[in-house]
Structures are given as C-alpha cells and as structure tokens.
Amino acid sequence: MAKTCEAAIEKLENDYSGLSVTPVMNQGDYITMFISSILQSMIAGALLAVLVLILFFKDIKPTLVVAFSIPFSVLFAILIMYFSDISINIMTLAGLGLAIGMLVDNSIVVIENIYRIRNQGISAPRSAVQGARQVAGPIISSTLTTVCVFLPMIFTTGLVAELMVPFAMTISYALTASLVVALTVVPTAGSILLKKTKEKRYPLFEKVQQVYGKVLSLCLKWKVVPLALAILLLVICVREVMRMGITMLPEMTGEQISIAVEVPEETEKADAFAMADKVMEAALSIDGVATVGAMDGSSAAGMFGGAAGGENFLNYSFSIILDEDISDVHEIRKIAKKLEGATADIGCEVSVSSSAMGDMTAMMGSGLSMNIYGESVEKLLEISEDVQELVAQVEGFENISNGQEDGAQEIHLMINKDRAMKRGLTVAQIYATLASRLTTEKDAVTMSVGDTDMTVQIVDETDLINKENLLDMELEATVTKEDGTNETKTYELGEFASMEYGQGLASISRENQSHYITVTADTMEGYNTTLLTRELNKKLKTLEIADGYSIEIGGESDQVNDMVTQMMRLMALGFLLIYLVMVAQFQSLLSPFIVLFTIPLAFTGGLLGLLAFGEQLSLMSLLGFTILMGTVVNNGIVFVDYANQLRIGGMGRREALIATGKTRMRPILMTALTTILSMSMMIFSRQAGNSMGRGMAIVVVGGLLYATFMTLFIIPVMYDIFYRKQPHQVDIGEDDLDEILDEAQEFMRENEW
C-alpha cells in the first residue's frame, strides 16, 4: 500500500511541474527498516556460523554439508508459513533470525559424529549410517524439547498471543526442517563427500581437552564447590535484575523523530504561530535534519481519527525526517538531544521522541492508572484526592490527575423538612419555585414568516439568583387559618435551608453497577513504571478507606503483570513437557533432572547478560529465557546419552563422564558458538530495527555462553550424584520378527485345530 501511494505521488510530481510532496509519516518505512535490519543480521549470523564450522573442522567438505542445511531449512519453514497463513513480519523474521544459529545444531552433531567415525578408518557409507544412527535419538529428543517450549504459546491470550504465536510457529517449522535435513540430507551428503578424507590433528584443542579432563576430575571429587557457586550466582543475579524493573516491550528507536509542542493557554494566536515557527527553524538548523512537517492541534486530531472540534492553535506536532544515510541508533538519539537543547528556550513546552513504537504505546498502556470503586461519588472524589497526594510522593510520576479538574463547583442546598412543613412548604414546592427562578428564558409566541416558523423567546435577567442572594430568595406559602380562610405568607429560603459548597464531577464512570474514578500519572523518562508501582503499593497500604471502596491498579503495570503471569505459566508448562520428552529418551524418571539442572545455569547467564548491558526485563527478554529452556538441555541430552552408551559398553562411571566430556566438547562448543555468534549481530548492531530483539538476543547469548561451559562441569557432577546405578537398555528385540512364533500356528495349537 505504501509503495502504491509513493508511486502515485511520483506520478503527480511528474505531471505537475514544481510540485513536491514529502510524506511526513510512512509506516512502510518502519516495516522496511525492521525487515532490512533483521535480514542483515540473519545473513551475517549465517556467515559467522559457517566460519565456526571451518575453524573446528579445518575441512571444507563437512562445512559445506552443514552450511547447506541453513537455506534448505529456512525455505522449508517459509513454505509451511505460507500454507499456515502466517505472514512475513517483525516477529516471524525475528524467529528466523534466532533459528539461523540453531538450524545447524542437529547437522553439526550428526556430521561431527560421522566425521569422527570416518577418521577411525570406517568407510564413508557405513560411517554415515552408523554416525547418524548413534545420535538420532538424542537429536530427536533435543529438537522436541525446543519445540515443546514454544508449543504452550498457543494457549496465551491478548497482546502476548499476537506477538508470540507467529514467532513460536516460525521457529518450530524451521527446527523441524533442520531435523529432517540432519537425518536425511547430511548422512547422504556425508557418504559422498567424505569418501576421501585425511585424519587431521588438533594439537591446541587436544591440550584443552587434557586440561578439561583434569579440572573435571577435581569437580567430580569436590562436587559441593561448583554447585554452591552456581546456586549463589543465580540468587545474586535474580536479586539484582528484579531491582531493574520490568517493562512490556523495550523502547525501539526509529529513523524518524517527532516533536510535540504545547504553548501556554494565555498565548495569542499570532504569538502561538510565531513559537511554532521558531521550533521549526530550530529543527532545520540541526545537521542531519532533511525535512520538517508541522500540523496544528485540529489538523492532527482529524488525521488520527478524532474530531477536530474547532481551531486549536495551542498544540502542534512536528515530524522530523532525517537524511537518508542516517540509520545509526546513536546518531538518531544525538539529533534528538540536539533538538531538545535547541528548543529549550522558546517559551513553550516541547517534547522530543525518537521512539518507533507508534500505536503500540496506546495498545499496551503507558504510565500509571488506578481505578477507585465505590457507591458515593463524593467519597470517591475524596479518596482519589488522597491517592493523588500519595502518587505525588513517589519520585518518577508526573502529570497526576483524577480526570475531575474540569468539574464545576457545586452548591448543595440542605432543606430542613420540619421547618419547611411548619411554614406550609414541601420540598417539591421549594424545588419548583427554585427551578422557575433559575429559568431566564420562556417561549412567548410562535410566528410564521412565509414558510419559516419562528419562536419568540422572552429573556428575563432582571432578578438573577446567584450564590450570594440564594438564601434570600422569597417563597410564598398559602396556609388555612382556623376560620377556614386562606392566608399567603412570604418566607426567605434561609429560614429553613442552609448552603454547602462542593466539587462537581467532570465525568462519572460505571463498571459492574459501581461508580469509579480513575487516577492517572505519566512515568518520567529514565524511570520504570513497575518499580514505581511497587513503591506506591507500600504507601497505598497505609491509606485507610471505608468499607465498600476498593483500589485497583491498571495501566502499564497491569499489562506487565499479566504478561509475566502468562510467560511464567508458559515456561512451567514447557518445563513439564521437556521433562516428559527426556523421560521417554532416558527411560527413567530421575535421569532428566540431571539435564534440567542446566536450565537455572542458563538463566544465570541470561541475567548476567541483562546486568552487563543494562537491559530491563521485558516480554522479549522473557521470551529469551523461554528459548533457553529448550536449547540448553540439548547438549545435556547428548552428553548423558553418550555417557550411558559408554557405561553400557563397560566403562566406569567417572571414567565415562571424563571421556564423554572430552569427546562431546567439540560438538557442544560448535553448536553453542553458531547460535551465539548469529545472535550477537542483533546485540551489537547499531541499526534502529534491531532494538526490539536486542533483549532477547542478550538473554540467549548470555545464557548459552555461561551454560555451555558450565554444562561441561555441572552435568557430570549431577550425573555422578543421581545416576549411580548401572544404566540398562530396554530389550525390544531385533529389527526383524524371525524370533516371534508363527501366530497362525500358535492360534491353531491353543484351540487344538
């Protein structure tokens, strides 16, 4: 749609000489920016993954076999996305970007095993079959664990579901494709390309393996040391990260800057326009600013779907379009800072934003919102004012309001019914008299002039009632005397009535047949709404409110709490599914706990990454932790399965663990580094489009980096603690059915036919 509009604009400019049209806002630019940034990260990540393979294999043939799995798996995933009616968008591309490093994991495990067996002198076809068969079970289980983590996302609701379901489906499709490639294409290609190989020595890596074996032996001897350090570090990281606060989505910097201007209410129209001109001149004077578009308040209201409602020259919005070569996040933020400095002394309130969140802010909620429920409107107003005072005591909130500032002052007339009745007056009579005195207009006659009917009104403002003379208003009462005659007496309202002042409500809201007033506040830049709400909750506990009245906190904090609740449930269900998959793989209820212990290790690494980069917890970073649950157990599954195979073959427990660590170190490091390097592009990229997925990438990279090295030590320690019994294989017979008796003969024998 955006490209069609741009083509139409270009045609108009060509048809009319001198015409120049500059779009001040184009959502298509944001989409293009995000897609190009993610695609660049995907390509760079794929190249880095291939580089890792070359460094570890020192051979181009196995590298080509594994590298082939990347485009094949991506194309397979896109094909299934098409038939599943999942579009190419920011979240699906982020899923593919994350999957780039994970797509080669299964292929690496298979080709590394084939390559290792081939170097032992076994023929290429047999090495391909045996190598793939030896690791088929573990890689199927590891892929299922990752898919199981994303499967519960289909049960989420609201914004979480809208963002996460396409992301989860995309990764699941890609990983399924990578498994198919690893078990079919990789062995086939390996049997052909690895016919002629030379055994290569890795002296440096062999030294690393020897050192690792000695350190692992010490860890197995002193198990409490690595376990205590891992647990202590996890507790410290959780405590520190929770102090940073939680946000719904990270702030995304765009390639366009917006300015909102509000001039003082007493400003004349000409002076307001002059201030707006100064803001525009200040913006154009800054290097990097190409074009400035301006709209007054009424034009902006009409553009965004609101009613203009007349002229509004007190509010202005400016769209700053930067030079085409500026896409670096830091440059955009520098220009935004310069704009703030250049417009600081103009004499109006100026707000500069470089966020690309767009309408997401309105959908997610922003700042603080509290609903106060109860029956009495006057009591609600009183409580809301007390709440406003408490909110004002929390540093970080601004623009605090209960929405009733525009309410008019009211006069409450208190009638003493007994006194009025003694004077022959009822409340209804008093009300009728007061209403007639307050009415200054009265229809006198209707005239017809031609085809037009006109009503003539008489306006009497000679004896107006105001708050000063209200109690002096005279009322006439007719009473019947004892002799049966009527007597009319005149009384002043103040003889049986009193007057009180009150504040009227600008609006009254109802929910579930109960009145409520909403107190709102904006969060200042640099503060976290969740942390501020925690501090406010402590103050609200000291507020005494009457029975029947309640306070509920909403806004951004409510959205965040709902998001965290859904993500925690999702992670818990994913954890259970991972456990069940490993129970089937290991044929044991206890063995999976050996591998599951790597999950808190990964969380520690992810939390360390957030602390190191100063990133807050958000939906994307929590998604990173969810992804870690399914990925970090993969190496653990392969490790435990191989250790079991060695023990079944006759090796002792500790000897098997050390041998497994040395043998599986290379594929473990390779699978981890491919994902880490591919995701690192999203962390260190300065493109504006990568800012949304940065938190997720930090968690995944930090978690994998920490958990990979710790897995080489903690998994053996946990195995040594939990898996003391000799592993066994369940006898399911041979591949053929020759050993089973002929069923027809058996049936005839039992029935003596």
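Rules used in this analysis
- Residues numbered from 1 in each chain as written.
- Predicted model: local features only at pLDDT ≥ 70, side-chain atom pairs only at ≥ 80, totals over all residues.
- Heavy atoms only, no water.
- Helix = DSSP H or I, 4+ residues; strand = E, 2+ residues; numbered from the N terminus.
- Buried < 20%, exposed > 50% of the residue type's maximum accessible area, 1.4 Å probe, protein only.
- Contact = heavy atoms within 4.5 Å.
- Areas by Shrake-Rupley, 256 points an atom, 1.4 Å probe, with all protein chains shown as cover.
- Bend = angle between axes of the 7 residues up to and from the residue.
- Phe/Tyr/Trp six-rings, centres within 6.5 Å; stacked < 30°, edge-to-face > 60°.
- 1 Å grid on protein atoms, 1.4 Å probe; cavity = no way out; pocket = protein on both sides within 12 Å on 5 of 7 lines; lining within 4 Å.
- Points joined across faces, edges and corners; volume = space filled by probe spheres on them.
- Nonpolar A, V, L, I, M, F, W, Y, C, P; charged D, E, K, R; others polar.
- Salt bridge = Lys/Arg side-chain N within 4 Å of Asp/Glu carboxyl O.
- Polar contact = N/O pair within 3.5 Å; in protein donor to acceptor, adjacent residues only side chain to side chain.
- Axes fitted to C-alpha atoms, helices over the stretch in contact; angles between N-to-C directions.
- Parallel < 35°, antiparallel > 145°, perpendicular 65-115°, else oblique.
- Left-handed = near helix turned anticlockwise from the far one by under 90°.
- pLDDT = per-residue confidence, 0-100.
- Patch = residues over 30% accessible without salt bridge, like charges linked within 9 Å, V, L, I, M, F, W, Y side chains within 5 Å.
- Lys, Arg positive; Asp, Glu negative; His and termini not counted.
- Charge placed at Lys NZ, Arg CZ, Asp CG, Glu CD.

Engineer: Give me the lowdown on the overall build of the protein, citing residues and values where you can.
Structural biologist: What the protein contains, in helices and strands, is 25 helices and 15 strands. Scored against the burial criterion, the 753 residues of the protein give a buried share of 45%. If you take every contact in the protein between residues at least 6 apart in sequence, the share linking residues at least 24 apart comes to 79%. When the accessible surface of the protein is summed, it comes to about 39,400 Å², and 56% of that surface belongs to carbon and sulfur atoms.

Engineer: Go over helix H24 (residues 694–722), please, and point to the residues and values.
Structural biologist: Maximal helix bending in H24 amounts to about 50°, located at Thr-711. Counted residue by residue, H24 has 23 buried out of 29 residues, so it is predominantly covered.

Engineer: Tell me about the packing of aromatic side chains, and please be specific about residues and values.
Structural biologist: All chains considered together, the criterion is met by six aromatic pairs. Seen in terms of ring centroids, Phe-603 and Phe-625 are 5.2 Å apart; in terms of plane orientation they differ by 80°. Their pairing is edge-to-face. Of this pair, Phe-603 sits in helix H21 (residues 598–613) while Phe-625 is found in helix H22 (residues 619–648), placing the two residues 22 residues apart along the sequence. Overall, Phe-625 belongs to the buried group, its relative accessible area being 5%.

Engineer: So what about empty space enclosed by the protein? Which residues, and what values?
Structural biologist: Inspection of every chain in the model, using the stated rule, returns five cavities of 30 Å³ or more. Approximately 220 Å³ is the volume found for the largest cavity. Surrounding the largest cavity, 17 residues form its lining, Asp-105, Asn-106, Thr-631, Asn-634 and Thr-671 being those nearest its centre. Elements that contribute at least two residues to the lining of the largest cavity include exactly helix H5 (90–118), helix H6 (124–150), helix H7 (158–183), H22 and helix H23 (653–684). When the residues that make up the lining of the largest cavity are grouped by side-chain class, the tally is six nonpolar, ten polar and one charged.

Engineer: Could you give me a rundown of the pattern of salt bridges, with the residues and numbers involved?
Structural biologist: With the rule as written, the count across this model stands at eight salt bridges. Glu-112 is paired through a salt bridge with Arg-666; the nearest N and O atoms lie 3.1 Å apart. Of the two residues, Glu-112 is situated in helix H5 and Arg-666 in helix H23; the sequence distance between them amounts to 554 residues. By the burial criterion, Glu-112 is buried, and Arg-666 matches it. In the salt-bridge network here, residues are joined through shared partners; they are Lys-223, Arg-653, Arg-654 and Asp-720.

Engineer: Account for the environment of Glu-511, naming residues and giving values.
Structural biologist: Looking at the secondary structure, you find Glu-511 in strand S13 (residues 509–511). With relative accessibility at 33%, the residue Glu-511 sits in the partly exposed group. C-alpha separation for the pair Glu-511 and Tyr-373, spaced 138 residues apart in sequence, amounts to 8.6 Å. Those residues in contact with Glu-511, other than ones at most four positions away along the chain, are Tyr-373 and Tyr-516.

Engineer: So, the side chain of Arg-666: which residues are in play, and what are the values?
Structural biologist: Taking relative accessible area as the criterion, Arg-666 reaches 10% and is therefore assigned buried. In this structure the side chain of Arg-666 is engaged in a polar contact, spanning 3.1 Å, whose partner is the side chain of Glu-112.

Engineer: Residues and numbers for the packing of helix H9 (residues 203–221) against H23, please.
Structural biologist: The contact between H9 and H23 brings their axes to 10 Å, and the two run at 135°. In this view, H9 runs oblique relative to H23, as classed from their interaxial angle. Considering only the axes of H9 and H23, their crossing is right-handed. Contacts from Phe-205, Val-208, Gln-209, Gln-210, Tyr-212, Gly-213, Leu-216, Ser-217, Leu-220 and Lys-221 in H9 reach Arg-654, Leu-657, Ile-658, Gly-661, Lys-662, Met-665, Arg-666 and Leu-669 in H23. Of the residues belonging to the contact of H9 with H23, the class tally is nine nonpolar, five polar and four charged.

Engineer: Help me get a handle on the packing of H21 against H22, residues and values and all.
Structural biologist: The interhelical angle for the contact between H21 and H22, taken along N-to-C directions, is 145°, at an axis separation of 9 Å. You can see that H21 and H22 cross each other, and the crossing is right-handed. Facing H21, whose interface residues are Thr-598, Ile-599, Ala-602, Phe-603, Gly-606, Leu-607 and Leu-610, H22 presents Ser-621, Phe-625, Leu-628, Met-629, Val-632 and Val-633. When the residues that make up the contact of H21 with H22 are grouped by side-chain class, the tally is ten nonpolar, three polar and no charged.

Engineer: If you had to explain the environment of Thr-426 to someone new, which residues and values would you point to?
Structural biologist: In this fold, Thr-426 is placed in the loop between helix H16 (417–422) and helix H17 (427–438). Distance in space between the C-alpha atoms of Thr-426 and Ala-477 is 9.7 Å, their sequence separation being 51 residues.

Engineer: Describe in detail the side chain of Thr-604, supporting the description with residues and values.
Structural biologist: Structurally, Thr-604 can be placed in helix H21. Of the residues examined, Thr-604 reaches a relative accessible area of 0% and is grouped as buried.

Engineer: Can you explain the confidence of the model for the protein? Please cite residues and give values.
Structural biologist: Scored by pLDDT, the protein has a mean of 78; 85% of the residues are at 70 or more. Helix H11 (residues 269–284) holds the highest mean pLDDT among the elements of the protein, 86, whereas helix H14 (residues 360–364) holds the lowest, 45. Within the model, pLDDT remains below 50 along residues 357–365, and this stretch shows 15 contacts once partners closer than five positions in the same chain are excluded.

Engineer: Please provide a residue-by-residue account of a negative patch on the surface, values included.
Structural biologist: Together, Glu-262, Glu-265, Glu-266, Glu-349, Glu-398 and Asp-522 give the surface a local cluster of negative charge. Within the secondary structure, Glu-266 sits in the loop between strand S1 (253–262) and H11.

Engineer: Talk me through unusual backbone geometry; I want residue IDs and the actual numbers.
Structural biologist: Despite not being glycine, Asp-85 has its phi angle at roughly 60°, a positive value. Along the chain, Asp-85 turns up in the loop between helix H4 (69–83) and H5. Its relative accessible area of 73% is what places Asp-85 among the exposed residues. Its identity is not glycine, yet Asn-399 carries a phi of approximately 55°, on the positive side. For Asn-399, the location among the structural elements is in strand S6 (residues 397–401).

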